[in-house]
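# Tertiary structure, described
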Amino acid sequence: VDTYDKNLAYLFSDLKKDFNAPNAKFVCATLGEHDKSAKLSQKMFTFAEQEKDAEVFYSKPVAKGGSGGHYGGDPDTYMKVGEGMGKLMLELLAK
C-alpha cells in the first residue's frame, strides 16, 4: 500500500508509452469498502492530484459492500461505478 500512488503513476506512464498515446487520460475507482481516509484510498487520490490527466472515482457511496470480489459482485454497483468513471473521463476529455 505504501507505494500504491507511485505504482499507479508507473502503470499510467507505461500505458501511454505502450499505446503510443502521450495525451491519454486515466480514471480508476476505489474498491467500495474503504472510506476516503483509508490509506489505500489516500494513495489513489494522491496519484490523481499529481497527474493532471487522471481522476479517481470514490465508489463507497454507490457500493453495497460485501465480499467475494470487488463490490460484492453486485451488478448495480458495477453499473454505478462505470457511470461514475465515465463521467470523470468526460470531464478529463473536456479539459
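Now for a quick tour of the structure. (Residues numbered from 1 in each chain as written. Predicted model: local features only at pLDDT ≥ 70, side-chain atom pairs only at ≥ 80, totals over all residues. Heavy atoms only, no water.)

A surface patch of nonpolar side chains, amounting to about 300 Å² of accessible area, comprises Leu11, Leu15 and Phe19. Inspection of the secondary structure assignment puts phenylalanine 19 in the loop between α1 (4–18) and β1 (26–29). Residue phenylalanine 19 is classed as exposed on the basis of its relative accessible area of 64%. (Patch = residues over 30% accessible without salt bridge, like charges linked within 9 Å, V, L, I, M, F, W, Y side chains within 5 Å. Areas by Shrake-Rupley, 256 points an atom, 1.4 Å probe, with all protein chains shown as cover. Salt bridge = Lys/Arg side-chain N within 4 Å of Asp/Glu carboxyl O. Helix = DSSP H or I, 4+ residues; strand = E, 2+ residues; numbered from the N terminus. Buried < 20%, exposed > 50% of the residue type's maximum accessible area, 1.4 Å probe, protein only.)

In the structure shown here, the tally under the stated rule is seven salt bridges. With a closest N to O distance of 3.1 Å, lysine 52 and aspartate 53 form a salt bridge. By relative accessible area, lysine 52 is classed as exposed at 66%. We classify aspartate 53 as buried; its relative accessible area is 10%. Its salt-bridge partner being lysine 80, residue aspartate 76 comes within 3.0 Å of it at the nearest N-O pair. Of this pair, aspartate 76 and lysine 80 both sit in helix α3 (residues 75–94), separated by four residues, roughly a single helical turn. Classification of aspartate 76 by relative accessible area gives partly exposed; the value is 32%. Exposure remark for lysine 80: the relative accessible area of 34% places this residue in the partly exposed category. Salt bridges sharing common partners tie together Lys25, Lys52 and Asp53.

Okay, the side chain of lysine 43 next. Examined against the element boundaries, lysine 43 turns out to sit in helix α2 (residues 39–50). Take lysine 43: its relative accessible area is 19%, and that puts it in the buried class. The residues touching lysine 43, leaving out its near neighbours within four places in the chain, are Val1, Asp2, Tyr4 and Asp5. (Contact = heavy atoms within 4.5 Å.)

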